[in-house]
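Notes for the structure review
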Amino acid sequence: MKKTSLLRYGAMASALLPVVPALAKAKKGNPTTNRQQPNVIIIYADDLGYGDLECFGATRVQTPNVNALARSGIRLTNVHAIAATSTPSRYGLLTGEYAFRHPGTDIARGNAGMIIRPEQFTMADAFKNAGYATAAIGKWHLGLGDRDGEQDWNAQLPMHLGDIGFDYHYIMAATADRTPCVFIEQGHVANYDASAPIEVSYTQNFEGEPTGKENPELLFNLKASHGHNQSIVNGIGRIGYMKGGGRALWKDENIADSIAAHALGFIREHREEPFFMYLATNDVHVPRFPHDRFRGKSPMGLRGDAIAQFDWTVGQVVSELERLGLRQNTLIILSSDNGPVVDDGYADRAVELLGDHRPAGPYRSGKYSTFEGGTIVPAIVSWPKRVKGGQESDALISQIDWLASLGSLVGARMPKGSAPDSQNRLGTLLGEEKEDRPYVLEQAANHTLSVRTREWKYIPPSKGPAIISGPGIESGYSREPQLYDMRRPYEQENVSLQHPDVVFRMQAYTEQERNKGASYTSPISK
Ligand code: NG6
Ligand code: CA
């Protein structure tokens, strides 16, 4: 790990010569100037839909802390995640490169090797180069270690987030429904229990270990509705097999507490210097198993209670910043990695208890889908020192632009070829401009690349079932080209035949992006 880090920063230093003196100065301290740089926190929810927050129209769940955050800043109503599932979405967010350019960015297994490689420039690098302390806390889902399936979970991982710009990490390798069910801190299993060595496999079970499939009687906390029938941890069936872990194994009901505690710890530790924190909550991904304190907070059962728990996490962060006198100059961006899903594989009664709650708000479908519900997400920007409260903006924005925008905010120098798809749209992000991105790209689970402008949504033809079995979600996949007039949010009437000119223009956008891919060499393919 050391070696990689040294090489990495060695290489980076030469690519970034003009910035090095400034960085050195910042490190040695010029606390006054330096401290004026805002702290930046991205609170990134998992599978939280456009309609899941009270301040975005939800009535069957209370989200007072998120509502207050929205009141203190801007509610952004036209923000798009890069993809309709987690790994490609997060890949794009953290590298500023569309996932479709980079093989191996589909939903990652818990034993995937690092998908973002040390040679790549990341959002964390941008902050680090500007003198920030950087951290990733919570859900990762972008691989760990240098090679797929070859991690030794009992030792220091040879490659981890320290190699891609994060000074500190406390993360779940993938998702709560995937093994290994342990937190990783600084490249090592947190709270490691030497008496219970960890083994992980995505191909076969370990002898004598129970599985959800063979031992359903052991699923005392949650049963599966589909999938999730491999190893059992904490009475919940998972995807993937694992053995061992002992006291390092998480208890699902404590995950939000652990994540919040580490986030607050990082804030406290870095109160004297600018910091960047990528705080990726486990909520509201499955298995939804919030702490007892949140049980019954919503009539929607575990999914609603997980939203309440997410809201609590937001409240914890905001009050800690206030307590430390850091709130005014901290930019908080809250959003989600993809659209919502109700039944994502556990019998948590989410469908049954949904009532008239519309997780994707007025938009059609949800997670995985080509329809808007797959990628349009709630978003809030709050920075009391610079951004006036009580605003709303419906400017079209993609999360792909956050890297270049935040990089420009903190004066990071972006090495040539880095973040190739990220545009500096800081003004729009901060509500100072209302300029739309000309178009945004949205990647569905089957890799369909839809194009969205303010007025239109184009979904190219693709193969696949009309309904994604399991979640029962409308995929939007069709062998016909689809064009929707987005002045009516619910994509209902395909008007592609009436507007061939628009279809042509939208196709040209994707074509242009794909061609750009052909001439651009991703650092990884060197
Ligand atoms: C699916 C899982 C789903 C969820 C998703 C990834 C099954 C049946 N479904 O394969 O539960 O884990 O992957 O979600 O296993 S994401 O938000 O992390 O992309
Ligand atoms: Ca997700």
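Residues numbered from 1 in each chain as written. Chains lettered and ligands numbered in written order. Predicted model: local features only at pLDDT ≥ 70, side-chain atom pairs only at ≥ 80, totals over all residues. Heavy atoms only, no water.

1. Concerning the packing of aromatic side chains
Across all of its chains, the model carries 14 aromatic pairs by this definition. Centre to centre, the rings of Tyr44 and Tyr278 are 6.0 Å apart; their planes meet at 45 degrees, and the pair counts as tilted. With Tyr44 in strand β1 (residues 39–45) and Tyr278 in strand β11 (residues 275–280), the pair connects residues that are 234 residues apart, well separated along the chain. Aromatic pair Tyr439 and Tyr509: ring centres 4.2 Å apart, planes at 20 degrees, arrangement stacked. On the criterion of sequence distance, the pair formed by Tyr439 in the loop between α10 (426–429) and β16 (440–443) and Tyr509 in helix α11 (residues 500–519) is long-range, its members being 70 residues apart. As far as the burial class goes, Tyr439 and Tyr509 line up, both buried. Members of the aromatic cluster, each reached through a chain of ring pairs, are Tyr50, Phe56 and Tyr363. Above the face of the Phe56 ring, Arg75 is positioned so that its terminal group lies 4.8 Å from the ring centre. (Phe/Tyr/Trp six-rings, centres within 6.5 Å; stacked < 30°, edge-to-face > 60°. Helix = DSSP H or I, 4+ residues; strand = E, 2+ residues; numbered from the N terminus. Buried < 20%, exposed > 50% of the residue type's maximum accessible area, 1.4 Å probe, protein only. Lys NZ or Arg CZ within 6 Å of the ring centre and 35° of its normal.)

2. Let's talk about the site of ligand 1
Close to ligand 1 lie 19 residues; Lys139, Asp177, Arg178, Asp344 and Lys367 are nearest. Interatomic distance of 3.0 Å between a side-chain N/O atom of Asp47 and an oxygen atom of ligand 1. In the environment of ligand 1, an oxygen atom lies 2.8 Å from a nitrogen or oxygen atom belonging to the backbone of Asp344. Within the complex, 85% of the 450 Å² of free accessible area of ligand 1 lies under protein. Of the residues belonging to the shell around ligand 1, the class tally is 4 nonpolar, 8 polar and 7 charged. (Near = heavy atom within 4 Å. Polar contact = N/O pair within 3.5 Å; in protein donor to acceptor, adjacent residues only side chain to side chain. Areas by Shrake-Rupley, 256 points an atom, 1.4 Å probe, with all protein chains shown as cover. Nonpolar A, V, L, I, M, F, W, Y, C, P; charged D, E, K, R; others polar.)

3. What about the domain arrangement of the protein?
In terms of domain boundaries, the protein breaks down into domain 1 (39–194 + 249–372) and domain 2 (446–519). Inter-centroid distance (C-alpha atoms) of domain 1 to domain 2 is 28 Å. On the side of domain 2, 26 residues touch domain 1, which itself brings 22 residues to the contact. When the buried surface of domain 1 facing domain 2 is broken down by residue, Phe100, Arg364 and Thr370 rank first, second and third, together holding 33% of it. Across the contact surface, domain 1 and domain 2 share 4 salt bridges. In this structure, the salt-bridge partner of Lys457 is Glu372, at a minimum N-O distance of 2.6 Å. Of the residues in the side of domain 1 that touches domain 2, the class split is 8 nonpolar, 6 polar and 8 charged. (Domains from an automatic or database assignment. Contact = heavy atoms within 4.5 Å. Buried area = accessible area lost by both parts, 1.4 Å probe. Salt bridge = Lys/Arg side-chain N within 4 Å of Asp/Glu carboxyl O.)

4. Details of the coordination of the calcium ion (ligand 2)
The calcium ion (ligand 2) binds to the protein through Asp46 (OD), Asp47 (OD), Asp337 (OD), Asp337 (OD) and Asn338 (OD1), with metal-donor distances spanning 2.2 to 2.8 Å. Taken together, the 6 donor atoms coordinating the calcium ion (ligand 2) and their angles of 50 to 176 degrees define a geometry best described as irregular. Motif for the calcium ion (ligand 2), donor spacing along one chain: D-D-x289-D-N. Taken as a pair, Asp46 in the loop between β1 and α4 (64–71) and Asp337 in the loop between β12 (330–336) and β13 (376–382) lie far apart in primary sequence, 291 residues in all. (Donors = N, O, S within 2.8 Å, 3.2 Å for Na, K, Ca; no water. Tetrahedral: all angles 85-135°; square planar, octahedral: opposite > 155°, others 65-115°.)

5. So, the environment of Tyr368
Inspection of the secondary structure puts Tyr368 in the loop between β12 and β13. With 49 residues separating them along the chain, Tyr368 and Ser319 place their C-alpha atoms 34 Å apart. Each residue touching Tyr368, except ones within four places of it in the same chain, is listed here: Ala84, Thr85, Ile107, Val341, Asp344, Ala444, Ala445, Ile468, Pro471, Ile473 and Tyr477.

6. Notes on helix α8 (residues 302–323)
Because an α-helix packs 3.6 residues into every turn, residues spaced three or four apart end up facing the same way. With 22 residues, α8 should reach 32 Å at 1.5 Å per residue; the first-to-last C-alpha distance of 31 Å fits that figure. Where burial is concerned, most of α8 is hidden: 17 out of the 22 residues are buried. In the segment just after α8, Gly325 is the residue with positive phi, at about 75 degrees. (Expected span 1.5 Å × (residues − 1).)

7. As for the packing of helix α7 (residues 255–269) against α8
Look at α7 against α8: their axes get within 10 Å of each other, and the N-to-C directions meet at 15 degrees. In terms of orientation, α7 lies roughly parallel with respect to α8. At the point where α7 passes α8, the crossing takes the right-handed sense. Listed contacts from α8 to Ala256, Asp257, Ala260, Leu264, Ile267 and Arg268 of α7 are Gln309, Trp312, Thr313, Gln316, Val317, Glu320, Leu321 and Arg323. Grouping the amino acids of the contact of α7 with α8 by side-chain chemistry returns 7 nonpolar, 3 polar and 4 charged. (Axes fitted to C-alpha atoms, helices over the stretch in contact; angles between N-to-C directions. Parallel < 35°, antiparallel > 145°, perpendicular 65-115°, else oblique. Left-handed = near helix turned anticlockwise from the far one by under 90°.)

8. Focus: the packing of α4 against α8
As a packed pair, α4 and α8 sit with axes 7 Å apart at the nearest point and diverge in direction by 55 degrees. Between α4 and α8, the crossing angle belongs to the class labelled oblique. Side by side, α4 and α8 meet where Pro64, Asn65, Val66 and Leu69 of the first sit next to Phe310, Asp311, Trp312, Val314, Gly315 and Val318 of the second. Each residue belonging to the contact of α4 with α8 can be placed in one class, and the counts come to 7 nonpolar, 2 polar and 1 charged.

9. Overview of helix α9 (residues 402–410)
The element α9 is extensively covered by neighbouring structure, given that 8 of its 9 residues are classed as buried. Along α9, the positions that sit buried rather than exposed are Trp402, Leu403, Ala404, Ser405, Leu406, Gly407, Leu409 and Val410. Directly beyond the C-terminal end of α9, a positive phi value near 75 degrees is found at Gly411.

10. Examining the sheet that holds strand β18 (residues 456–459)
Within the open sheet, the 4 strands sit side by side as β16-β17-β18-β21. Their pairing is antiparallel. Sheet topology places β16 and β21 (482–485) at the edges, where each strand pairs with a single neighbour. Strand-to-strand twist of the sheet, defined as the mean angle between neighbouring strand axes without regard to direction, takes the value 20 degrees. Sheet analysis places β16 next to strand β17 (residues 449–452), joined by 4 bridges and oriented antiparallel. Bridge pairing links Gln443 to Leu449 in β17. (Pairing = 2+ DSSP bridges.)

11. A closer look at the side chain of Ser450
When you line up the elements, Ser450 lands in strand β17. For Ser450, a relative accessible area of 0% gives the class buried.

12. So, the side chain of Thr95
Following the sequence through the fold, Thr95 ends up in helix α5 (residues 86–95). Exposure remark for Thr95: the relative accessible area of 3% places this residue in the buried category. In this structure the side chain of Thr95 is engaged in a polar contact, spanning 2.7 Å, whose partner is the backbone oxygen of Tyr91. Only 3.1 Å separates the side chain of Thr95 from the backbone nitrogen of Glu97, close enough to count as a polar contact. Not counting residues within four places of it along the chain, the set of residues in contact with Thr95 comprises Ile116, Gln120, Phe121, Leu403, Ala419 and Pro420.

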